[in-house]
Amino acid sequence: MKKILVVDFGSQYTQLIARRLRELSVYSEVCPWDEIPVLDNVEGFILSGGPESSNIEGNPTIDSLIFDSNKPILGICYGMQVLAHQEAGQIINEGKKEFGYAKINIKADTVLFKNMSDSSDVWMSHGDKVESLPDGYAITATSDNSPIAAYENTSKKYFGLQFHPEVTHTENGTAIIKNFLDICGIEQNWSSDDILQQIDAVVATEVKDEEVLLALSGGVDSTVLAAVLHRTLGNRLTCVMVDHGLLRKDEAHNVVTGLKEKIGLSVNLVNAQDIFLSKLEGVTDPEQKRKIIGNTFIEVFESESKKLNDIKWLAQGTIYPDVIESAGNSKTKAKVIKSHHNVGGLPERMQLKLLEPFRMLFKDEVRKIGKAIGLPNEIVERHPFPGPGLGIRIIGEVNKDRLDKLREADHIFLSELKKQNLYYSASQAYAFYLPVKSVGVVGDNRIYADVIGLRSVNTTDFMTAKATALPHEFVEHVSTRIVNEIDGISRVVYDITSKPPATIEWE
């Protein structure tokens, strides 16, 4: 199959490039910069961004195989800089960084910017910049901080962008990538059906007739995975859900009964609340909490697997944002943002092989697969819920009192979103607990009590996000309910920070 090869230089956004290509129905593969595969059927290359400086010896470089292929190249951020550097241009760092929105002015009539206006809003994230271009190259766009915001070499079909067209906040970003695909001459060849066929093929060739244990959280990813695997495995799939005491209100019951009624899946529910809460006692560091929750998950599943006969595989609904933020691809230099409990494989003592068919997919792709196999909307469009659950929505120590308060606040927030038909207008919404006290007045009495935060974001890929512009009257109503109905809460705040610089979850 013809494809575009995305060369990963360690950017947090690398897989977003591949995702944009898939949205345009073009097959793509991602490879580390230092492990270029056989280039059969590769019609073009996109070089990702990265955290390094391209003009420092020993940092990532473009493999000569890419240049020798004589195929079109699009360099993004670091990819743009390293392309210019290796072609004899100059890269500098003046200490003037450029993060977030910028406006570029298009200076030349170029195929990469065809059918676009003379200026465009883009998303920048860089410290270095191209100071001078190699021979044969021309500037095609500028910004206030980047005199060379884009360039091209028309004879070689090499293009460079200092900004990130792959993120949703770049105006015309997808159109720019589509223009590059036209330059490559590659046709549409990728869809949800293709992904399903690939997953089915992997299951058939690797799992064969063996038994699979699925770690079911009840969220979109693991639920869709259960339905996908159930199609091919039937009763060889055993679904186990761990109630770790960190779930939302009535979560375990609703998930188990809902899956049975909606798609005919039986789920073994394991009550492990006391185990998790005892191990989290006194722990405040978010990374330590994540690792405790993750390790305990493994321990519980190891114990459950021993109760079942002939289980050979553990299936997880890991998706690529989890992998990126955990720097799960050890072959890149991507910086660790936070650990995810379902990333990093299994301890050697476990006798289970790991099955993660969604590991290279994004949330919206998983949703499309769910719709393609006929899952109902209330399952497919459900807001994401992190594997560590409310454990990372309580800032600081996790205990039963804080969990009870947060569960009620979260239930009020989500139920009001649904009641006011606002739930599906947000990509993810939740309440979180802040370990601070705030003075309040209840009746004629002064109270000094806890604070609850609310967060709602809109995003397509969960790599970048903006706060949902919820009506002020709605937020005020939710705040009033929380303070009035939950003892020990004195104040409610609403988080309006985008991602980046914040992450969607607080921990």
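Up top is the structure these notes are about.
Attention here is on the structure that accompanies the text. Small disclaimer: the values here were computed from a predicted structure and weren't measured.

All right, on to the sheet that holds strand β16 (residues 353-355) then. Note: strands within a sheet are paired through backbone hydrogen bonds, in either parallel or antiparallel orientation. Taken in spatial order, the five strands of this open sheet run β14-β13-β12-β15-β16, and their pairing is parallel. Lying at the two open borders of the sheet, with one neighbouring strand each, are β14 (267-271) and β16. Averaged over all adjacent pairs, the angle separating strand axes in this sheet is 30 degrees, with direction ignored. Strand direction decides the pairing type here: strand β12 (residues 211-215) and strand β15 (residues 311-315), joined by four bridges, are parallel. Bridge pairing in β15 links L214 to A315.

Turning next to the pairing of strand β13 (residues 237-243). Most of β13 sits out of view: seven of its seven residues are buried. Of the two faces of β13, the one holding L237, C239, M241 and D243 and the one holding T238, V240 and V242 are both buried throughout. Relative to β13, β12 runs parallel, the two sharing four bridges. Paired with V212 across the bridge in β13 is L237. In this fold, the crossover linking β12 to β13 by way of helix α6 (residues 220-233) has right-handed handedness.

In this section: the pattern of salt bridges. Oppositely charged side chains may form a pair once their charged atoms are brought near each other. Scanning the entire structure with this criterion turns up 30 salt bridges. With its nearest N and O atoms 3.2 Å apart, the salt bridge here joins R248 to E251. Considered together, R248 and E251 belong to a single accessibility category, that of buried residues. Note that K279 is salt-bridged to E299, the shortest N-O span being 2.5 Å. Here K279, found in helix α8 (residues 273-280), pairs with E299, found in helix α9 (residues 286-307); they are 20 residues apart in sequence, far enough to count as distant. Residues participating in the shared-partner salt-bridge network are R19, R20, E23 and D364.

Another aspect to go through is helix α7 (residues 251-263). Helix length check: α7, at 13 residues, gives a terminal C-alpha distance of 17 Å against a target of 18 Å (1.5 Å per residue), a fit within 8%. Listed in full, the buried residues belonging to α7 are E251, A252, V255, V256, G258 and L259. On the buried face of α7, the contacting elements are α6, β13, β14 and α12 (377-380). One or two positions beyond α7, positive phi appears at G264, with a value near 75 degrees.

For the rest of this paragraph, the subject is the sheet that holds strand β4 (residues 73-76). In spatial order, the strands read β2-β1-β3-β4-β11-β10-β9-β6-β7; together these nine strands make up an open sheet with mixed pairing. Two strands in the sheet have a free side with no partner beyond their single neighbour: β2 (28-32) and β7 (119-126). Neighbouring strand axes in the sheet, compared pairwise and without regard to direction, differ in orientation by 25 degrees on average. Bridging between strand β6 (residues 98-106) and strand β9 (residues 138-142) involves two bridges; their strand directions are antiparallel. By the bridge assignment for β9, N105 is matched with T142. Sheet strands in contact with helix α4 (residues 173-184) are β1 (3-8), β3 (42-47), β4 and β11 (158-161), and its direction is about 145 degrees off that of β3.

On to α4. Helix length check: α4 (twelve residues) gives 17 Å between terminal C-alpha atoms against 16 Å at 1.5 Å per residue, within 8%. Where α4 is concerned, the buried positions are G173, I176, I177, N179, F180, L181, I183 and C184. At its buried positions, α4 is contacted by β1, α1 (14-23), β3, β4 and β11. G185 occupies a position one or two residues after α4 and carries a positive phi of about 75 degrees.

Turning our attention to the nonpolar core. Counting 83 residues, the largest nonpolar core has F358, I369, L417, I452 and I482 as the members making the most contacts within it. Here this core takes eight residues from α6, the largest share from any one element. Within the second largest apolar cluster, 32 residues are counted, among which are L74, I104, M124 and L161.

For the rest of this paragraph, the subject is the pairing of β3. With six of six residues buried, β3 is to be regarded as a mostly interior element. Where β1 and β3 come together, five bridges link them in parallel fashion. Residue pairing in the sheet places V6 in a bridge with I46 of β3.

Parameters and conventions
- Residues numbered from 1 in each chain as written.
- Predicted model: local features only at pLDDT ≥ 70, side-chain atom pairs only at ≥ 80, totals over all residues.
- Heavy atoms only, no water.
- Pairing = 2+ DSSP bridges.
- Helix = DSSP H or I, 4+ residues; strand = E, 2+ residues; numbered from the N terminus.
- Axes fitted to C-alpha atoms, helices over the stretch in contact; angles between N-to-C directions.
- Buried < 20%, exposed > 50% of the residue type's maximum accessible area, 1.4 Å probe, protein only.
- Right-handed = clockwise from strand over helix to strand, strands pointing away.
- Salt bridge = Lys/Arg side-chain N within 4 Å of Asp/Glu carboxyl O.
- Expected span 1.5 Å × (residues − 1).
- Contact = heavy atoms within 4.5 Å.
- Core = buried A, V, L, I, M, F, W, Y, C linked by side-chain atoms within 4.5 Å.

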